[in-house]
Amino acid sequence: MGAMSVRTQTSEQPGDTVHRAGFACFVGRPNAGKSTLTNALVGQKVAITSNRPQTTRHTVRGIVHRPDAQLILVDTPGLHKPRTLLGERLNDVVRATWAEVDVIGFCLPADQKLGPGDRFIAKELAGIKRTPKVAIVTKTDLVDSRALAEQLIAIDQLGKELGITWAEIVPVSATAGQQVDLLADLLIPMLPEGPALYPEGDLTDEPEQVMVAELIREAALEGVRDELPHSIAVVVEEMLPREDRPADKPLLDIHANVFIERPSQKGIIIGPKGKRLKEVGIKSRKQIEALLGTPVFLDLHVKVAKDWQRDPKQLRRLGF
């Protein structure tokens, strides 16, 4: 195996009392475990986890607070071969983000052989010279030690082949909670010295409206993913506290539009006698109430925005 070093335990640096703060982003093909890892590091659900690609469209930042450091996780959308204007714009966002962060974590699932998708991202990474890159082997709870060793060697080889020097190669399991703290320990020394950039209580600086829209979108996709993989966009038109409510019984009115691309998709989202949309409302309302800590009245409307993934005006209006 030669000079490859895989971290499986942490070494404390004595006398290191400087405070560090900076940004990391996790990249990897869809389902590489980026959002789950973000949640495990932050210790609370912030990014939207989904078993389908392309649900994390907005930059959701989770913040890991430590006495000696603050690690801000920028969850970039997945980089993929662009098929639409939306795809191209996402890829631009991704590259811009990579160039600005202090460290990039490349997530590769332990249970899947390296494929063309991983290679595509690795080639892009090779072009970004200054930013340190950590290879993170995720989902290690799904494989035995032999398969894991093979994956580690394959990642080491991929780096050599493309001229990427991995700052670290770290196996983790976010679901089993293995090595997650170690990963933070390894990322933090790569951050610049400086004071905390966010107040202690902040877990994410995502505007609430965007997080609410994301929860609605996630609920709307649940169960109809095969028919509408990602032609759903949600825009929260307004969030207003209802007037004349007693202080101890507040109610937040949220009006949101669910945009689909074609009229034929309307029936799929609304369901027979509106049953489907009602379920979406109930499910997302519970999650929004948990997120905001206040009772919510959710008013959902389904609208058609023709071919929004390909239309720059629509994309702008829908927040891309």
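Please read all numbers here as calculations on a predicted model, not as lab measurements.

## A look at the overall build of the chain
Alright, step 1. Looking only at helices and strands, one finds 9 helices and 9 strands in the chain.
Alright, step 2. Classification of the 320 residues of the chain by burial places 48% in the buried group.
Alright, step 3. Taking all contacts inside the chain whose residues are at least 6 apart in sequence as the whole, residues at least 24 apart take part in 72%.
Alright, step 4. Carbon and sulfur atoms make up 52% of the accessible area of the chain, which totals about 15800 Å².

## Overview of the packing of aromatic side chains
Alright, step 1. Under the defined criterion, the tally for this structure stands at 1 aromatic pair.
Alright, step 2. Relative to Trp166, the ring of Phe106 lies with its centre 6.0 Å away and its plane at 35 degrees, an arrangement referred to as tilted. Taken as a pair, Phe106 in strand β4 (residues 103-109) and Trp166 in strand β6 (residues 166-171) lie far apart in primary sequence, 60 residues in all. This pair shows no difference in class: Phe106 is buried, exactly as Trp166 is.

## With respect to helix α4 (residues 145-162)
Alright, step 1. Over its 18 residues, α4 extends 26 Å from the first C-alpha to the last, a length consistent with the 26 Å expected when each residue adds 1.5 Å.
Alright, step 2. For α4, the full list of buried residues reads Leu148, Gln151, Leu152, Ile155, Asp156, Leu158 and Gly159. The arc that holds every buried residue of α4, seen down its axis, measures 155 degrees, which confines them to one face. In α4, the exposed positions angled more than 90 degrees off the buried face are occupied by Arg146, Lys160 and Glu161.

## Notes on the state of the cysteines
Alright, step 1. Within the structure shown, the criterion is met by 0 disulfides.
Alright, step 2. Considering cysteine sulfurs only, Cys107 is the nearest to Cys25, which forms no disulfide, with 9.4 Å between them.
Alright, step 3. Note on Cys25: relative accessible area 1%, which makes it buried.

## Re the pattern of salt bridges
Side-chain pairs of opposite charge can arise where the charged atoms are in close proximity.
Alright, step 1. Scanning the model with the defined rule gives 10 salt bridges in all.
Alright, step 2. Linking Asp156 and Lys160 is a salt bridge whose minimum nitrogen-to-oxygen distance equals 2.7 Å. Taken together, the residues Asp156 and Lys160, both in helix α4 and 4 residues apart, mark about one turn of the helix.
Alright, step 3. Lys160 sits in the exposed class, given a relative accessible area of 55%.

## Some details on the environment of Val236
Alright, step 1. Note on placement: Val236 falls in strand β7 (residues 232-241).
Alright, step 2. The sequence separation of Val236 and Ala213 amounts to 23 residues, and the corresponding C-alpha distance is 5.8 Å.
Alright, step 3. Other than its neighbours up to four places away in sequence, Val236 contacts Gln209, Val212, Ala213, Ile254, His255 and Ala256.

## Considerations on the environment of Arg20
Alright, step 1. Relative to the assigned elements, Arg20 resides in strand β1 (residues 20-27).
Alright, step 2. In sequence terms Arg20 and Gly194 are 174 residues apart; their C-alpha atoms lie 5.0 Å from each other.
Alright, step 3. In contact with Arg20, other than residues within four places in its own chain, are Asp68, Ala69, Gln70, Ile188, Pro189, Leu191, Pro192, Glu193 and Gly194.

## Focus: the confidence of the model for the chain
Alright, step 1. Mean pLDDT over the chain works out to 81, with 78% of the residues at or above the 70 mark.
Alright, step 2. The model gives residues 48-58 a pLDDT under 50, and that stretch makes 52 contacts with residues more than four places away or in other chains.

## Digging into the side chain of Asp118
Alright, step 1. Mapped onto the elements, Asp118 comes out in helix α3 (residues 116-126).
Alright, step 2. For Asp118, a relative accessible area of 1% corresponds to the buried category.
Alright, step 3. At a separation of 3.0 Å, a polar atom in the side chain of Asp118 contacts the main-chain amide nitrogen of Gly115.

Reading the values: the criteria
- Per-chain numbering applies: the sequence of each chain, read as written, is numbered from 1 onward.
- Two thresholds apply to this predicted model, a pLDDT of at least 70 for residue-level local features and 80 or more for giving and counting side-chain atom pairs, whereas whole-chain, interface and lining totals are computed over all residues.
- Where side-chain values are given, they derive from all heavy atoms of the structure, hydrogens and water being excluded.
- For the purposes of this entry, the term helix denotes a DSSP run of H or I that reaches at least four residues, the term strand denotes a run of E that reaches at least two, and both are numbered from the N terminus.
- Under the scheme applied here, a residue whose accessible area is under 20% of the maximum for its type counts as buried, over 50% as exposed, and between as partly exposed, the area being computed with a 1.4 Å probe on protein chains only.
- Throughout, a residue-residue contact means that at least one pair of heavy atoms, one from each residue, lies within 4.5 Å.
- The Shrake-Rupley method, run with a 1.4 Å probe sphere, supplies the accessible areas, and residue values consider only the shown protein chains as cover.
- Pairing of aromatic rings covers Phe, Tyr and Trp, the last counted by its six-membered ring, and requires centre-to-centre distances within 6.5 Å; plane angles under 30 degrees mean stacked, over 60 mean edge-to-face, and any other angle means tilted.
- The length a helix should cover is 1.5 Å for every residue beyond the first.
- Here the arc refers to the directions that run from the helix axis out to each C-beta atom.
- The definition used for a disulfide is geometric: two cysteine sulfur atoms within 2.5 Å.
- Whenever Lys or Arg places a side-chain nitrogen within 4 Å of a carboxyl oxygen from Asp or Glu, that contact is recorded as a salt bridge.
- Along the chain, pLDDT gives the predictor's confidence residue by residue, from 0 to 100.
- We define a polar contact as two N or O atoms separated by no more than 3.5 Å, with the added condition that, inside protein, one atom must be a possible hydrogen donor and the other a possible acceptor, whereas residues neighbouring each other in sequence contribute only through side-chain atom pairs.

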